[in-house]
Structure formats: structure tokens, C-alpha cells
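Now for the letters of each chain:
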Amino acid sequence: MEPDHSHSSSTPASLRWKILRRVLRGRPSSNPGCIRLPKNLDFPEKSSEEIILDKVSRRTRNGFNLIPWHLVNEGVEDSVSLPKKDACFCYSLPLPNAPKLFLRQRWEDCVDLNDFKVCNRYDIDNTGLVCQWPSEDVLAYYSLSHLGRFRSKRVIELGSGYGLAGFVIAMVSEASEVVISDGNPQVVDYIQRNIDANIASFGGTTLKSMILHWDQFEFSDIFGTFDVIVASDCTFFKEFHKGLAQTIRCLLNENGPSEAILFSPKRGDSLEKFLVEVKDSGLQFTLTETYDTEILRRHKNNSHGNHSWPNYESDHCYPLLVNITR
């Protein structure tokens, strides 16, 4: 009789090692600099092993699905407007007469080795390049319900990734200026291309992209000039906590009311440790778990086994609202 390894091999750690092994042993890509990733949740015809492995991956394309979207170009080989690894997503903002938002993003399930070279060169992570993360969806949706907080204000999004929330604020809030920033120059290149693609939809709001590293305070020309700072899921890496807290303190407007609006899951003690840095930086904060009835409803639905998000765990997936002031 063969030994039963079902229990010993089903821990999250062992399953993640299986993901890595499958990536390294996977079929070669047509791009020699590309490592193929395992199939994602929204791909059919998966083996039982793939289904198990997906349950330990936090990556998802659906998330809370608060702002409807559809693919307008999947980056297939016969596409003439996008490279194969990219796709264009069309977001339909749930407001009367709101313009459509078109965002070009990575789509193909592979990692280019050049991504890691860029990360090493700038001492950054590449999570903003991977997908649109669920907390960004929550931040964008929350912003739609609180447009008055941005009207006529100068706004910056930190660690934006593809910047869904920043684009939404720029399109419909009548903010005076919105800056969408990230530390990864590849991500910022996507942001700028998406600004150019939607340029007619921002009305009187000025929208800019910016490379911004939280541990490098070389942005003295924007010190103390932002009325509102927004960010989502930026507290995952503990080594960046101090830099993020200091950046928020440096950027908040010193001459009037200003605030930072962050959405982050607990992720063990990660959020708690970040808030210690916030306090040590001389800032004030409030932490709110229940902040929107629709988001709470979807959270509870996911917690009870929503099949579209089988790896959902509150600690890792449900973002809490953090308000930070001077």
C-alpha cells in the first residue's frame, strides 16, 4: 500500500512550492525571456491539482467586481493594436453619463525576466504589474460614493499599479489635479499610455503620471501640496512601512485640511505594524471595518464560499479603511 500524502502535501506552504516547481518545469514559452505561470481561476478545463493550487494563490482577476468591465481586446496574435501580452479593459462607471474608461494592462499569464531586472535595479516589487488587485477595485468604488472629498482638490495615488482609482477620481470627481504614482517605471509607462488613451474624458482635471519611490525623498517640489492621498493594498511588504508613512506625512497639505484614504487587508500583523509607523511619524489615524453596505455584502458572500473566489480569506482579501490626518 502506498503512503497517504494527502495531508502532508496540502498545506499552503507545500502547495506554493508546487506552484514554483510547476512554473520552473513548465513548457517553454515562445518568448525566451518569459516564464509561464499556472492557469488562473477564470480558465476552464483545469485538473484537480490546478484547482487545489489556485486556492493558495491570492491573485484574482474578478475580485469584488464592483465596477463592471469587459475585454475589448484580448491581445490575440491577430491584434494590430496591442502586443500579445497586453489586453484592453473597458470599465463602465456606475454613474449617469459617465465616460467609459479604457485601461491597457498585462493579460498573458507569464512573467518577463526583464520585470525582475527592473525590480532589482530600483529595489521595488512587481505586484503592480501582475493584475488589478481587489483593494484597488474597492478604493475606486468607495471614491465614487464620496466624490465630494475630491472636488477641487489636489489628489495623489500612491503605489497605484494600473491606477483604476486614480483614473476614476480624475474622470468624475472634478478634482483640480490627480497624480497617479508608482515606484515601478514599467507600471508608470502603462499609466501614461492610459492617460493618453483617455485624454478626452478628464474634463477640467489635470492628470499626470509619476515615478515615486517611498524611501527617496527627492520630491521637494511636491512636499505638503496634496489635499487627498489615496492608496490600496500598499502595506503588504513590511520593509516599506516606514517609507510609506513618511511619504504620506511629507505629501499631506500643510496649509489646510488634508487626509489620506487607504484600503488594506490585515494580512496577519502587517497592517497593524504599518499603523505603528503611522503613529511614530506623528500622524493620526482611524481604522474602520464596516464602511460600505455593498462591499460588506460581497465580503460576506465571498466568506461563505463564492465559487468565483474560492481562495477568499478575510485576513488577506477584505480591505479595511484607514483614514490618516496630521
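Quick caveat: nothing in here was measured; it's all calculated off a predicted structure. (Residues numbered from 1 in each chain as written. Predicted model: local features only at pLDDT ≥ 70, side-chain atom pairs only at ≥ 80, totals over all residues. Heavy atoms only, no water.)

1. Section: the environment of Cys-119
Heads up, the condition is: For helices the rule is a DSSP run of H or I covering at least 4 residues; for strands it is a run of E covering at least 2, with both sets numbered from the N terminus onward. Note on contacts: a residue pair is in contact if any heavy atoms of the two residues lie within 4.5 Å.
By secondary structure assignment, the location of Cys-119 is in helix H3 (residues 113-122). Sequence-wise, Cys-119 and Pro-185 are 66 residues apart; in three dimensions their C-alpha atoms are separated by 9.5 Å. Leave out the neighbours within four places in its chain, and Cys-119 touches Ile-124, Asp-125 and Asn-126.

2. Comments concerning the packing of aromatic side chains
Operational definition: Only Phe, Tyr and Trp rings are paired, with Trp represented by its six-membered ring, and only when their centres lie within 6.5 Å; those with planes under 30 degrees apart are stacked, over 60 edge-to-face, the remainder tilted. When a residue's accessible area, from a 1.4 Å probe over protein chains only, is under 20% of the maximum for its type it is buried; when over 50% it is exposed; and in between it is partly exposed.
Considering all chains together, one arrives at 13 aromatic pairs under this definition. Ring centres 6.2 Å apart and planes at 35° place the aromatic pair Phe-167 and Phe-202 in the tilted group. With a gap of 35 residues between them, Phe-167 in helix H6 (residues 164-172) and Phe-202 in the loop between helix H7 (185-197) and strand S8 (206-211) connect regions that are remote in the sequence. For Phe-167, a relative accessible area of 0% corresponds to the buried category.

3. Looking at the pattern of salt bridges
Under the convention used in this document: Here, a salt bridge means any side-chain nitrogen of Lys or Arg that lies within 4 Å of a carboxyl oxygen of Asp or Glu.
Tallied over the full model, the rule gives twelve salt bridges. The network of salt bridges with common partners includes Arg-154, Glu-177 and Lys-208.

4. Points about the sheet that holds strand S9 (residues 228-232)
The line we're drawing: Pairing between strands requires that DSSP locate at least two bridges from one strand to the other. Interaxial angle, 0 to 180 degrees, is taken between N-to-C directions of lines fitted to C-alpha atoms, where a helix line uses only the stretch in contact.
Taken in spatial order, the seven strands line up as S8-S7-S6-S9-S10-S12-S11 in an open sheet, and their pairing is mixed. The sheet is open, and its two edges are formed by S8 and strand S11 (284-288), each paired on a single side. Here the strands of the sheet are splayed against their neighbours by 15° on average, with no regard to which way each runs. Two elements, S9 and strand S10 (residues 259-264), share five bridges in a ladder whose sense is parallel.

5. Description of the pairing of strand S6 (residues 154-158)
This is how it is decided: We call a crossover right-handed when, viewed with the strands running away from us, the connection from the first strand over the helix to the second turns clockwise.
With respect to burial, S6 is a largely interior element, four of its five residues being buried. Where the polypeptide runs from S6 across H6 and back to strand S7 (residues 177-182), its parallel neighbour, the crossover connection is right-handed. Across four bridges, the pairing between S6 and S9 is parallel. Opposite Val-155, over in S9, you have Val-228 as the bridge partner.

6. Re the state of the cysteines
Basically, it comes down to this: Two cysteine sulfurs form a disulfide in these notes if their separation is within 2.5 Å.
A full pass over the atoms with the stated rule returns zero disulfides. No disulfide involves Cys-88; its nearest neighbouring cysteine sulfur is the one of Cys-90, lying 7.3 Å away. For Cys-88, a relative accessible area of 15% translates into the label buried.

7. Structural notes on H6
Most of H6 sits out of view: nine of its nine residues are buried. Residues of H6 that are buried include every one of Leu-164, Ala-165, Gly-166, Phe-167, Val-168, Ile-169, Ala-170, Met-171 and Val-172, and no others. Trailing H6 by a residue or two, Glu-174 shows a phi angle of about 60°, which is positive.

8. Examining the nonpolar core
Spelled out, the test is: What makes a nonpolar core is a set of buried Ala, Val, Leu, Ile, Met, Phe, Trp, Tyr and Cys residues whose side-chain atoms join them at distances within 4.5 Å.
Ranked by size, the top nonpolar core spans 75 residues in total, and within it Leu-158, Ile-248 and Phe-274 carry the most contacts. Of all the elements, H6 adds the most residues to this core, at eight residues.

9. Section: the side chain of Ser-232
Within the element layout of this structure, Ser-232 appears in strand S9. If near-sequence neighbours (up to four positions away) are discounted, Ser-232 is found in contact with Ser-135, Glu-136, Leu-139 and Phe-263.

10. With respect to the environment of Thr-288
With respect to the helices and strands, Thr-288 occurs in strand S11. Take Thr-288: its relative accessible area is 25%, and that puts it in the partly exposed class. A sequence separation of 33 residues divides Thr-288 from Leu-321, and the C-alpha atoms of the two residues are 5.0 Å apart.

11. Some details on the packing of helix H5 (residues 134-144) against H6
Packed helices, taken two at a time, are described by their axes: the angle between them and the distance between them. Definition in use: Here the word oblique covers every angle except those under 35 degrees (roughly parallel), over 145 (roughly antiparallel) and from 65 to 115 (roughly perpendicular). Each helix crossing is assigned a hand: it is left-handed if the near helix lies turned anticlockwise from the far helix by less than a right angle, otherwise right-handed if that turn is clockwise. Ten residue types, Ala, Val, Leu, Ile, Met, Phe, Trp, Tyr, Cys and Pro, are classed as nonpolar, four, Asp, Glu, Lys and Arg, as charged, and the remainder, Gly among them, as polar.
Across the interface, H5 lies against H6 with an axial gap of 8 Å and an inter-helix angle of 15°. When the interaxial angle is binned, H5 and H6 end up roughly parallel. The interaxial crossing formed by H5 with H6 has right-handed handedness. Two secondary-structure elements touch here, H5 through Glu-136, Asp-137, Leu-139, Ala-140, Ser-143 and Leu-144 and H6 through Leu-164, Ala-165, Gly-166, Val-168, Ile-169 and Val-172. Partitioning the contact of H5 with H6 into residue classes produces eight nonpolar, two polar and two charged.

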